[in-house]
Amino acid sequence: MVEELPVVSLDGGLPDPQRKEQLSLAYTHMVVTAAGCWIKDHRTDVDGVDITIASSAEYETWYGPEFELQLKCTAQQDLLKDDHIVWQMKAEPLRKLINPKRFTPALLGVLLVPEDAGSWLNQSEEQLLLEGGMYWEYAAKLGEIPEGQGSKTVHLPRSNLFDVERLLGIMRTIGDGGGR
């Protein structure tokens, strides 16, 4: 006879900001894996990005295109507008992200999740369902930030949902010589 384990409702103690960070990484990892791409982890966040996403495909201009991604996660539902999501970026990380001398193209991704952390994930034997969606934009399209300004609100189009199709489109754009 197999003993059934009791269902325990405990909090593992990870603070909310770190939970959201881990959730944004997990979401990204699932999409990247489903697309047949892969992730290069960064040991530090010195250059304003969290990970590099790479492809091993050959395109018109480049073999193995890649881009860097700065990840954010929020449960603030009021940031979602009709055609975009707004995000407040601090000046220094934004300047690093949008630097025109950046060798590898960079993107910003913002994952929007429900306010109730208990509803972020639903799991059964058949599926693992994450509630929420990530929106992205090329860093070069986020605009400049004036000297002396402490932060800037940026807009990420809702049409830029980070999914397999759009990820492969980003890779094609970069692989064909664009995306800067």
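The model shown is predicted, which means the values in this text are computed figures rather than measured ones.

Q: Quick question: what am I supposed to make of the sheet that holds strand β1 (residues 38-41) here?
A: Paired through their backbone hydrogen bonds, the strands of a sheet run either parallel or antiparallel. Here we have five strands laid out as an open sheet, ordered β1-β2-β3-β5-β8, and mixed in their pairing. Unpaired on one side and paired on the other, β1 and β8 (133-138) mark the two borders of the sheet. Taken over all neighbouring pairs, the strand axes of this sheet differ in orientation by 30° on average, direction set aside. Two elements, strand β2 (residues 51-54) and strand β3 (residues 66-74), share four bridges in a ladder whose sense is antiparallel. The partner of T52 across the bridge, within β3, is E68.

Q: Hey, could you run me through the pattern of salt bridges in this one?
A: Oppositely charged side chains are able to pair whenever their charged atoms sit close together. Enumeration according to the criterion identifies five salt bridges in this entry. Between E68 and R102 there is a salt bridge, and its shortest N-O distance comes to 2.5 Å. Here E68 is found in strand β3, whereas its partner R102 is found in the loop between α2 (91-98) and β5 (106-112), with 34 residues between them in sequence. Among the residues examined, R102 registers a relative accessible area of 14% and is labelled buried. Residue R95 pairs with E147 through a salt bridge whose shortest N-O separation is 3.7 Å. In this pair, R95 sits in helix α2 while E147 sits in the loop between β8 and β9 (151-157), placing the two residues 52 residues apart along the sequence. Classification of E147 by relative accessible area gives exposed; the value is 71%.

Q: Where do I start with the pairing of β8 in this structure?
A: Looking along a regular strand, one sees the side chains alternate between the two faces of the sheet. Of all six residues in β8, six are buried, a share of seventy percent or more. Residues G133, Y135 and E137 point to one face of β8 and M134, W136 and Y138 to the other, with burial holding for every one of them. When β5 meets β8, the two strands line up antiparallel, connected through six bridges. Each residue of the ladder has a partner; that of L107, found in β8, is Y138.

Q: Explanation requested: the packing of aromatic side chains in the structure shown.
A: The geometry of an aromatic ring pair comes down to the distance between the two centres and the angle between the two planes. Taken as a whole and judged by the stated rule, the model has one aromatic pair. With a centroid separation of 5.4 Å and 85° between ring planes, the pair formed by W136 and Y138 is classed as edge-to-face.

Q: Can you help me understand the pairing of β2 in this one?
A: Here β2 shows a buried face lined by I51 and I53 and a second buried face lined by T52 and A54. Across four bridges, the pairing between β1 and β2 is antiparallel. If you follow I39 over to β2, its bridge partner there is I53.

Q: It is not clear to me how the environment of G175 should be interpreted in this structure. Could you clarify?
A: Tracing the backbone through its elements, the reader meets G175 in helix α3 (residues 164-175). With 110 residues separating them along the chain, G175 and P65 place their C-alpha atoms 5.3 Å apart. Apart from the residues within four sequence positions on either side, G175 is in contact with Y59, E60, T61, W62 and P65.

Q: Honestly, α2 in this entry has me stumped. Any pointers?
A: Turn by turn, an α-helix covers 3.6 residues, leaving residues three or four places apart pointing in a common direction. What α2 keeps buried is the set A91, L94, L97 and I98. Viewed end-on, α2 has its buried residues packed into an arc of 130°, placing them on one side of the element. Next to the buried residues of α2 lie β3, β4 (84-90), β5 and β9.

Q: Please explain the environment of I85 as it appears in this structure.
A: As for its position among the elements, I85 is in strand β4. Considering only alpha carbons, one finds I85 and L156, 71 residues apart in sequence, at a separation of 5.3 Å. When near neighbours in sequence (up to four residues on either side) are disregarded, I85 contacts L79, L80, V110, L112, Y135, V154, H155, L156 and R158.

Q: When you look at the layout of surface pockets in this model, what are you seeing that I'm missing?
A: Over the atoms, a rolled probe matching the size of one water molecule traces out where space is still vacant. In this structure, the largest pocket spans a volume of roughly 340 Å³. Along its surface, the largest pocket is lined by 19 residues, and E21, D45, D50, Q70 and L71 are the ones closest to its centre. Going through the elements one at a time, α1 (16-34) and β3 are the ones with two or more residues in the lining of the largest pocket. Of the residues belonging to the lining of the largest pocket, the class tally is seven nonpolar, five polar and seven charged.

What counts, and where the lines are drawn
Residues numbered from 1 in each chain as written. Predicted model: local features only at pLDDT ≥ 70, side-chain atom pairs only at ≥ 80, totals over all residues. Heavy atoms only, no water. Pairing = 2+ DSSP bridges. Helix = DSSP H or I, 4+ residues; strand = E, 2+ residues; numbered from the N terminus. Axes fitted to C-alpha atoms, helices over the stretch in contact; angles between N-to-C directions. Salt bridge = Lys/Arg side-chain N within 4 Å of Asp/Glu carboxyl O. Buried < 20%, exposed > 50% of the residue type's maximum accessible area, 1.4 Å probe, protein only. Phe/Tyr/Trp six-rings, centres within 6.5 Å; stacked < 30°, edge-to-face > 60°. Contact = heavy atoms within 4.5 Å. Arc of directions from axis to C-beta. 1 Å grid on protein atoms, 1.4 Å probe; cavity = no way out; pocket = protein on both sides within 12 Å on 5 of 7 lines; lining within 4 Å. Points joined across faces, edges and corners; volume = space filled by probe spheres on them. Nonpolar A, V, L, I, M, F, W, Y, C, P; charged D, E, K, R; others polar.

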